[in-house]
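Understanding the architecture of this molecule
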Amino acid sequence: MLFHTSCKSKERLVGKTVIITGANTGIGKETARDLYRRGARVILACRDVQKADATAKEVKSNPPSQPNKEQFQGEPGEVLVYQLDLCSLASVRNCAKDIYKKESAVNILINNAGMVIESFGKTEDGFETQLQTNYLGHFLFTLLLLPKIRASGPGCRIINVSSLAHHYGDIHFDDLNLENSYTMKEAYCQSKLANVLFTVELTRRLKEANIDGITTYSVHPGMVKTDISRNIHSYLLRIMQVVLTPFAPLFVKTSEQGAQTTIYCAVAQECSKESGLYYKDCAVANLTNKVNDTELIAKLWNETMKMVRLEQENNLEELLKKIEKNVLQSVDDTLKNSEKVIPPSNI
Ligand SMILES: NC(=O)c1ccc[n+]([C@@H]2O[C@H](COP(=O)([O-])OP(=O)(O)OC[C@H]3O[C@@H](n4cnc5c(N)ncnc54)[C@H](OP(=O)(O)O)[C@@H]3O)[C@@H](O)[C@H]2O)c1
């Protein structure tokens, strides 16, 4: 894209651990490339371990396009791969458990993975695919990791990659799976609206429970040339792609350009005291008016807690205590029974 904003921060991340979901390609991969060169221990949390291993190698051997920038001088960090399939709540629980077992800290969590799919489908947990991949899986992953993130503070950050599309979304409480009215657009917009409402509600609950040291962000990366449309087969889209491709560099960002706002929210000092806001082009942007609807937001939180099978707790502090106890217990059981096959636990 001809005119775009880059993250100017020179911050280094030596000693910091960053988790990026869906980091084997697109915006997530470019975010990993940047943060690795800033010295971070970067975890690629991906569903396809083979693809992610190849990405890890590629990220280590190829620097960002401007390697001479001050933030990339000094030793790079590490890149690791963890298996995470957001379409399976059991996989989300197992990945969180693995992280508790093997990582001493989680300083930055970037919920980046996302998908768009033309045809209606359901996950093994019985939820519409976009709803679970883009929203439910990340909601559960974040809450399971929250005690760990809290213990890694201060200065920890949680970034939810949403989209401008959230402005066009509604939460369909009577049919969250959109079984009766599925369209790709409606499902995507609903899931991306849920991402920003989750960010806002998590921030409110952290504040209410006097939990300091964690800030949250939601992000619109811009219109970015990635593989996100791989599950869309409509002729109209294909024709538009052929017609518009020669002009794309004028108004579509590269993946590296598309990663800049996520990187800004992950590292910049300017936003280190801000929390719960929405960003595009490395600056705060306007959120939908729905963020003022406290009833809607509370209802979404409660419904989501039921869907991901977490026990309702009015106070976040109580919830975190319970989650930590259950995750650690389940890590202990795994260690004790490392020879046996453990059924997925209901953390
Ligand atoms: N591109 C844009 O113009 C644009 C605009 C606004 C917002 N966004 C948001 O930006 C984020 C990154 O998208 P992108 O454009 O970089 O798309 P992308 O290139 O398609 O990358 C998406 C990533 O998500 C992963 N993913 C999909 N389903 C998953 C699952 N069940 N479990 C774990 N990982 C899964 C993919 O893994 P596989 O490779 O295994 O499929 C891939 O690594 C998404 O949240 C998207 O909604 C993108």
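Just so it is clear, the model here is predicted, and its values are computed rather than measured.

**Regarding the site of the ligand**
Within the structure, the ligand sits among 29 residues, and Arg47, Asn112, Tyr188, Thr226 and Arg230 are positioned closest to it. The contact in question runs from an oxygen atom of the ligand to an N or O atom on the side chain of Lys51, over 3.1 Å. Between an oxygen atom of the ligand and a main-chain N or O atom of Val224, the distance comes to 2.8 Å. Within the complex, 96% of the 890 Å² of free accessible area of the ligand lies under protein. Counting only elements with at least two residues in the shell around the ligand, the list comes to α1 (26-37) and α5 (184-208). A per-class count over the shell around the ligand returns eleven nonpolar, twelve polar and six charged.

**Re the packing of aromatic side chains**
This model, assessed by the stated rule, comprises seven aromatic pairs. Measuring from centroid to centroid gives 5.3 Å for Phe120 and Tyr182, while their planes differ by 75 degrees, and the two rings are edge-to-face. Note that Phe120 is positioned in the loop between β4 (108-111) and α4 (129-151) and Tyr182 in the loop between β5 (156-161) and α5, a separation of 62 residues in sequence. A relative accessible area of 35% means that Phe120 is categorised as partly exposed. On the numbers, 6.2 Å between centres and 50 degrees between planes, the contact of Tyr264 with Tyr279 is tilted. With Tyr264 in helix α9 (residues 260-267) and Tyr279 in strand β7 (residues 277-280), this residue pair connects regions lying 15 residues apart in the sequence. Of the two residues, Tyr264 and Tyr279, both sit in the buried class. Members of the aromatic cluster, connected to one another through ring pairs, are Tyr135, Phe139, Phe198 and Trp301. The ring centre of Tyr82 lies 5.5 Å from the NZ or CZ of Lys102, which sits over that ring.

**What to know about the UniProt feature "coiled-coil region" (unreviewed entry) in the protein chain**
The UniProt record annotates "coiled-coil region" (unreviewed entry) at residues 302-329. Helix makes up 71% of residues 302-329 and strand makes up 0%, while its end C-alpha atoms are separated by 25 Å.

**A word on the packing of α4 against helix α10 (residues 294-307)**
Put simply, α4 and α10 touch, their axes get as near as 10 Å, and they point 85 degrees apart. The orientation of α4 relative to α10 falls into the category roughly perpendicular. Mapping the contact onto sequence places Leu131, Tyr135, Leu136, Phe139 and Leu143 in α4 and Leu300, Trp301, Thr304, Met305 and Met307 in α10. Taken together, the residues of the contact of α4 with α10 sort by class into nine nonpolar, one polar and no charged.

**Some points on a nonpolar patch on the surface**
On the surface, a nonpolar cluster with roughly 700 Å² of combined accessible area is contributed by Leu2, Phe3, Met223, Phe247, Leu250 and Phe251. Here Leu2 is to be found in the segment before β1 (17-21). Taking the relative accessible area as the measure of exposure, Leu2 reaches 58% and is therefore exposed.

**A closer look at the layout of surface pockets**
Taken as a whole, the second largest pocket holds about 240 Å³ of empty space. Along the walls of the second largest pocket sit 17 residues, with Lys16, Gly155, Cys156, Arg157 and Gln269 positioned nearest its centre. Contributions of two or more residues to the lining of the second largest pocket are made by β5, β6 (214-220) and α9. For the lining of the second largest pocket, the residue count by class is six nonpolar, six polar and five charged.

**A short note on the pattern of salt bridges**
As enumerated under the stated definition, the model contains 19 salt bridges in all. Among the salt bridges present, the one from Arg41 reaches Glu78, with a minimum N-O distance of 3.0 Å. Taken together, the positions of Arg41 in strand β2 (residues 41-46) and Glu78 in strand β3 (residues 78-83) put the pair 37 residues apart, joining distant regions of the chain. The exposure class of Glu78 is partly exposed, given its relative accessible area of 41%. Here Lys322 makes a salt bridge to Glu313, at a shortest N to O gap of 2.5 Å. One network of salt bridges, in which partners are shared, links Lys29, Glu30, Arg33 and Glu58.

**Thoughts on helix α2 (residues 49-61)**
Given 3.6 residues per turn, any residue in an α-helix points the same way as the ones three and four places further on. Over its 13 residues, α2 runs 18 Å from end to end, which matches the ideal 18 Å to within 8%, given 1.5 Å per residue. Considered for burial, the residues of α2 that qualify are Ala52, Thr55, Ala56 and Val59. Axial view of α2: buried residues confined to an arc of 105 degrees, hence all on one face. Residues of α2 that are exposed and point more than 90 degrees away from the buried face comprise Gln50, Lys57 and Ser61.

**What to know about the nonpolar core**
Of all hydrophobic cores here, the largest spans 60 residues; its most connected members are Leu143 and Leu316. For this core, the elements supplying multiple residues, two or more each, are β2, α3 (89-102), α4, β5, α5, α10 and α11 (316-336). Counting residues per element, this core draws most heavily on α4, at eleven residues. If you look at the next biggest cluster of nonpolar residues, it comprises 34 residues, including Ile159, Val219, Tyr279 and Cys282.

**Topic: the sheet that holds β6**
As summarised here, the arrangement of the eight strands in space is β3-β2-β1-β4-β5-β6-β7-β8, forming an open sheet in which the pairing is mixed. At either margin of the open sheet sits one strand with a lone partner, and together these are β3 and β8 (283-285). The mean angle between the axes of side-by-side strands here comes to 25 degrees, regardless of whether they run parallel or antiparallel. In this structure, β6 lies alongside β7, joined through four bridges in parallel fashion.

Parameters and conventions
Residues numbered from 1 in each chain as written. Predicted model: local features only at pLDDT ≥ 70, side-chain atom pairs only at ≥ 80, totals over all residues. Heavy atoms only, no water. Near = heavy atom within 4 Å. Polar contact = N/O pair within 3.5 Å; in protein donor to acceptor, adjacent residues only side chain to side chain. Areas by Shrake-Rupley, 256 points an atom, 1.4 Å probe, with all protein chains shown as cover. Helix = DSSP H or I, 4+ residues; strand = E, 2+ residues; numbered from the N terminus. Nonpolar A, V, L, I, M, F, W, Y, C, P; charged D, E, K, R; others polar. Phe/Tyr/Trp six-rings, centres within 6.5 Å; stacked < 30°, edge-to-face > 60°. Buried < 20%, exposed > 50% of the residue type's maximum accessible area, 1.4 Å probe, protein only. Lys NZ or Arg CZ within 6 Å of the ring centre and 35° of its normal. UniProt positions renumbered as here; feature names shortened; annotations may be inferred. Axes fitted to C-alpha atoms, helices over the stretch in contact; angles between N-to-C directions. Parallel < 35°, antiparallel > 145°, perpendicular 65-115°, else oblique. Contact = heavy atoms within 4.5 Å. Patch = residues over 30% accessible without salt bridge, like charges linked within 9 Å, V, L, I, M, F, W, Y side chains within 5 Å. Salt bridge = Lys/Arg side-chain N within 4 Å of Asp/Glu carboxyl O. 1 Å grid on protein atoms, 1.4 Å probe; cavity = no way out; pocket = protein on both sides within 12 Å on 5 of 7 lines; lining within 4 Å. Points joined across faces, edges and corners; volume = space filled by probe spheres on them. Expected span 1.5 Å × (residues − 1). Arc of directions from axis to C-beta. Core = buried A, V, L, I, M, F, W, Y, C linked by side-chain atoms within 4.5 Å. Pairing = 2+ DSSP bridges.

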